[in-house]
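Fold and contact review
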Amino acid sequence: AAAQVEYNAAYADALSGKFERALRRLASVEDRFVALGDERHLAHVDLDRAEVHAKLNLPEETIRYAEAAGTRFAELGLGKECAQAIQLAAWSDELRGRGSDAEAGYLRAEGFFRELGLVERGLGCLLQRAGCLLRQGRLEEARELAEQADALATDERNPLARAATDLLLARWHLASGEVTRALHRAD
């Protein structure tokens, strides 16, 4: 129980942007979870480290911890968390210039989320995949995915997903030279 409380405090630090403190606490609590043989919490420690390193824009560390978390979550049969780890690893691949690996990772995570009925999380992966294609200059493929996302995103379901979809389509219009349409979509 004490280790779980410390873990929760580390996670709270990460959420509030106290990354150095969060990483120190995660390292400290990891030793306790190792001693307890608590693989579930060890997987969460790795996932949280991956998220912190992603926020710090450190893709090498992100992928290392995301892959470790993903392996543990897969062994434990925790699909949602496994998909989160895959999504973080895909983001890391994208930052490292491995567009096709990132695209495949986003697609894989999206599939896991959809199988679990987590439509919003799947939509997030679809948007990331479309953004990845757009940044690679693959405009038509990006447009197709953006339109798929546009059909799935509704204000009632999640207004932030709707806004992210609109901004992605605005970026597509801009990249396609349709400045007026981009402006209207962004507005």
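You'll find the structure just up there.
Note that residues are indexed from 1 along each chain, following the sequence as it is written. Given that this is a predicted model, residues contribute local features only at a pLDDT of at least 70 and side-chain atom pairs are listed and counted only at 80 or more, while totals for whole chains, interfaces and linings are drawn from all residues. In computing side-chain properties, one takes all heavy atoms of the structure into account and sets aside hydrogens as well as water.

**With respect to the overall build of the protein**
- Helix and strand counts for the protein stand at 10 helices and zero strands.
- Across its three principal axes, the protein shows a C-alpha extent of roughly 60 × 35 × 30 Å.
- Classification of residues uses two cut-offs on accessible area relative to the type maximum, computed with a 1.4 Å probe and protein chains only: under 20% is buried, over 50% is exposed, and between them is partly exposed. A total of 187 residues make up the protein; the buried ones form 42% of that total.
- The contacts of the protein with a sequence gap of at least 6 include a subset with a gap of at least 24, amounting to 51%.
- With an accessible surface of roughly 9,600 Å², the protein has 52% of that area assigned to carbon and sulfur atoms.
- Taken as two groups, the 25 positive and 32 negative side-chain charges of the protein have centres that lie 3 Å from each other. Strands are runs of DSSP state E lasting at least 2 residues, helices are runs of H or I lasting at least 4, and numbering of each runs from the N terminus. Should any heavy atoms of two residues lie within 4.5 Å, those residues are considered in contact. Note on areas: Shrake-Rupley, 1.4 Å probe, and residue coverage restricted to the protein chains presented here. Lys and Arg are tallied as positive, Asp and Glu as negative. Neither His nor the chain termini are counted. Just so you know, the charge point we use is NZ for Lys, CZ for Arg, CG for Asp and CD for Glu.

**Regarding the packing of aromatic side chains**
- Any Phe, Tyr or Trp ring, taking Trp's six-membered ring, that has another such ring centre within 6.5 Å forms a pair; planes under 30 degrees apart are called stacked, those over 60 apart edge-to-face, and the others tilted. Scanning the entire structure with this criterion turns up one aromatic pair.
- The lysine or arginine in question, Arg64, covers the ring of Tyr65, its NZ or CZ lying 4.6 Å from the ring centre. Here, a charge over a ring means that NZ of Lys or CZ of Arg falls within 6 Å of the ring centre while also lying within 35 degrees of the ring normal.

**Brief notes about the side chain of Arg129**
- By the secondary structure assignment, Arg129 is in helix α7 (residues 119-135).
- Among residues more than four places away in sequence, those in contact with Arg129 are Glu103, Tyr106, Leu107, Glu110 and Leu145.

**Quick word on the nonpolar core**
- To form a nonpolar core, buried Ala, Val, Leu, Ile, Met, Phe, Trp, Tyr and Cys residues must be joined to one another through side-chain atoms within 4.5 Å. Ranked by size, the top nonpolar core spans 18 residues in total, and within it Leu47, Phe73 and Leu88 carry the most contacts.
- Sorting the residues of this core by element identifies α3 (39-55), α4 (59-76), α5 (79-95) and α6 (99-115) as the ones contributing at least two each.
- Leaving out residues up to four positions away in the same chain, Leu47 has contacts with Ala69, Phe73, Gln84, Ala85 and Leu88.
- Listed in part, the 15 residues of the second largest apolar core include Ala130, Ala142, Leu168 and Leu169.

**Observations regarding helix α9 (residues 159-175)**
- How far a helix is expected to stretch is found by multiplying one less than its residue total by 1.5 Å. Spanning 17 residues, α9 covers 24 Å between terminal C-alpha atoms, matching the ideal 24 Å at 1.5 Å per step.
- The elements touched by buried residues of α9 are α7, α8 (139-152) and α10 (179-186).

**Some thoughts on the pattern of salt bridges**
- One side-chain nitrogen of Lys or Arg within 4 Å of one carboxyl oxygen of Asp or Glu is enough to make a salt bridge. This structure, assessed with the given rule, holds 22 salt bridges.
- Two residues, Arg114 and Glu110, come together in a salt bridge whose shortest N-O distance is 3.1 Å. With a gap of four residues between them, Arg114 and Glu110 both fall in helix α6, about one helical turn apart.
- Taking the relative accessible area as the measure of exposure, Arg114 reaches 37% and is therefore partly exposed.
- For Glu110, a relative accessible area of 6% gives the class buried.
- With a closest N to O distance of 2.1 Å, Asp150 and Arg162 form a salt bridge. In this pair, Asp150 is assigned in helix α8 and Arg162 in helix α9, connecting sequence segments 12 residues apart.
- Taken together, the salt bridges that share partners define one network made up of Glu30, Glu39, Asp46, Arg49 and Arg72.

**Describing the side chain of Glu103**
- If you trace the backbone, Glu103 turns up in helix α6.
- N or O atoms closer than or at 3.5 Å make up a polar contact, with two conditions inside protein: a donor-capable atom paired with an acceptor-capable one, and, for residues adjacent in sequence, both atoms drawn from side chains. A polar side-chain atom of Glu103 sits 3.0 Å from a polar atom in the side chain of Arg138.
- Beyond its immediate chain neighbours, meaning those up to four positions away, Glu103 contacts Arg129, Cys132, Leu133 and Arg138.

**A closer look at the environment of Ile86**
- Position of Ile86 among the secondary structure elements: in helix α5.
- Judged by relative accessible area, Ile86 falls into the buried class, the value being 9%.
- Each C-alpha atom, one on Ile86 and one on Val5, is 26 Å from the other, the two residues being 81 residues apart in sequence.

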